[in-house]
Every structure is written in structure tokens, then in C-alpha cells.
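Per-entry structural report
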Amino acid sequence: MEPLLILDAGHGGQEIGTGSNSKWTEKAINLQISHYQYKRFKELEIPVAMTRTTDETISKEERARMIRESGAKYCISNHINSGKEGGVNIIYSIYCEDKLSQAIADELRKEGQKINEVFSKSLPDNPKQDLHYMNRETENVQTTIIKYGFADSGQDVTKLNGSWKKYAEAVVRGFCRYEGFQYFNPKIEENKQDDFEPVEKKEEDLTGYVLHLPAHAPFWKVYPLGIEPKEGQELGVIHPKKFNGLEYKILGSAHPHVYTISTSSFGTVQICAHPETGAVVKDLEEELDK
């Protein structure tokens, strides 16, 4: 079944996004918002897809192609802004009405976020083409770009840190209102802010370290980037016992005893490896000197 809506988590991988600051990277928040909305649209039985589900680099050309070929009627492209202005910017195509964007803006306003601007804009040298790439290059898909706030506005940073999930839900509500879908509130636990953090913690510098998973472990769960790993959120498992133990270069660590590694089966993921599990973090240089 083709999706009605495709969610685009802006940036990713090597492209962190200009809506980043000392507390977070834009790519991570975009992905967290998109994952939350994907789950909610699924609960509401609205056919939905995503352009990316992990921290991966996708060129703007490939991203636009994925959206065009998805079969979706709508795309919501999630972003964080920069420029110290403050508030939400929503951008729609010059070939679309503003009704969806206004419905989303109304719901965001109800959650206490300032609506800075809802607009469409054409290229200065070609009034028949959209200024913004995603509006312009997704062709028959109605793409709405949402910039939830400014990474360099103190007020917006505080709001996003505490209320990002409310804003993500407001977009879901606005879309349902516009399309006429029956809407119901998320479960109470879904509104808790401790599900996963909306900002990235500064990663510990583990350059030159490797993670060794012991040979006695039959399997080990791995998790998507951008979330706090919890039961039920795993992407899949790897099998240390099958290979008489496994070793991975550590790329970072956003949480205590949680490491970012690159796997052949699941790409770049997080893995929980507390010392009590038998996992060992090794300094590669020290190992080579032995």
C-alpha cells in the first residue's frame, strides 16, 4: 500500500544542519521528531513512510527522488532553523494552497509556540519555480517544510528542549484536521518527556577505542541513532558467538555505556555494552603495543 504521507527528517549523516548548537545537532532532532510522528500516524492508521530512519547521509537529489517516487500525496519535511529570529516558519509550494500549512500553524500556536511566518516564495529569477529546493523538486508531492524554532534563540531552545513532542503532535493533529482523519490523543505515557531526550548529549571522545563483544554472547541488540536505547526499540541483533566474538571501532558515546558503531547489517547504530555484560572497551594503540 502506497503511503499518503512521507516524513522527511532533514539532513543526516555528514550533514548536521545549520539548526545545530552546542546542545544538539539539527539532524538528530529532525529524526526524533519524524520517528515520533511516524509512530503516531501509524497508530492513527494513516499510511506513512520516511525518507530516512537512521543517521545517514542522503543527497538532496536522492531525497527529492525518494519523495517523488514514494507514491505519497503529501510530504512533511522537518527542520530546525537558525538566525536568532525565533518562532516557527512553515513553507509551502507556490502551486499549493496554504490550508494545510495554516492548519498545522494553528495547532502549533495552541501549544504555545510562536508562529513566525507561513509562506511560499518563488525564485528571484523565475517566478514559476519555488525558491526552496524541497518544494521545487518534489513535483507532484505537496511538500510542507516545517522549521520548529531557532537553534540560536534562547527562548526557542528552552521550548524545544521541553516541548518538542507537543510540537510534533501538533503537526499530526493539524494534518488529521486538514485531511479529515479521525484523531485521538496519544496515550498518557507518550507525552512524558523522558522517553528520549530532544537534545544530543556531548559525545565522549573515544577516538582510537574499540568495543569487544565476548564470544559467549549468542546475540546482542542494536538500536537506531538519536534515541535513548530501550526495550522494544531495537533495530535487530548481531551475533558475537557465531564469529567467536566481535570487535567494532567506537565512533562515539551519547549515553553512559552506550556506544555508536558501524555494522555491516544495520549500518551505524547504538549498542548498550555495560561492563557487567562482559563487553570490554579497549584502547587500540595499547593493544597494538602489547
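Use the structure listed above.
What this report covers is the structure whose coordinates are included nearby. (Residues numbered from 1 in each chain as written. Predicted model: local features only at pLDDT ≥ 70, side-chain atom pairs only at ≥ 80, totals over all residues. Heavy atoms only, no water.)

Counting residues in each nonpolar core, the largest one holds 37 residues, and the members touching the most others are Leu5, Phe41, Leu108, Ile146, Tyr148 and Phe175. For this core, the leading source of residues is helix H5 (residues 154-179), giving 10 residues. If we skip the residues at most four places from it in the chain, Leu108 touches Val88, Ile90, Gln113, Ile115, Tyr167 and Ala170. Of all hydrophobic cores here, the second largest spans 15 residues; its members include Leu213, Ala217, Val222 and Tyr248. (Core = buried A, V, L, I, M, F, W, Y, C linked by side-chain atoms within 4.5 Å. Buried < 20%, exposed > 50% of the residue type's maximum accessible area, 1.4 Å probe, protein only. Helix = DSSP H or I, 4+ residues; strand = E, 2+ residues; numbered from the N terminus. Contact = heavy atoms within 4.5 Å.)

Before going further, it helps to spend a moment on the pattern of salt bridges. A full pass over the atoms with the stated rule returns 15 salt bridges. Of the charged contacts in the structure, one is a salt bridge between Lys99 and Glu97, with a shortest N-O distance of 3.7 Å. Take Glu97: its relative accessible area is 53%, and that puts it in the exposed class. In this structure, Arg173 and Glu107 form a salt bridge, with 2.7 Å as the shortest nitrogen-oxygen distance. On the criterion of sequence distance, the pair formed by Arg173 in helix H5 and Glu107 in helix H3 (residues 99-110) is long-range, its members being 66 residues apart. By the burial criterion, Arg173 is buried, and Glu107 matches it. Where salt bridges share partners, they join Asp106, Glu107, Arg109, Lys110, Glu111, Arg173 and Arg177 into one cluster. (Salt bridge = Lys/Arg side-chain N within 4 Å of Asp/Glu carboxyl O.)

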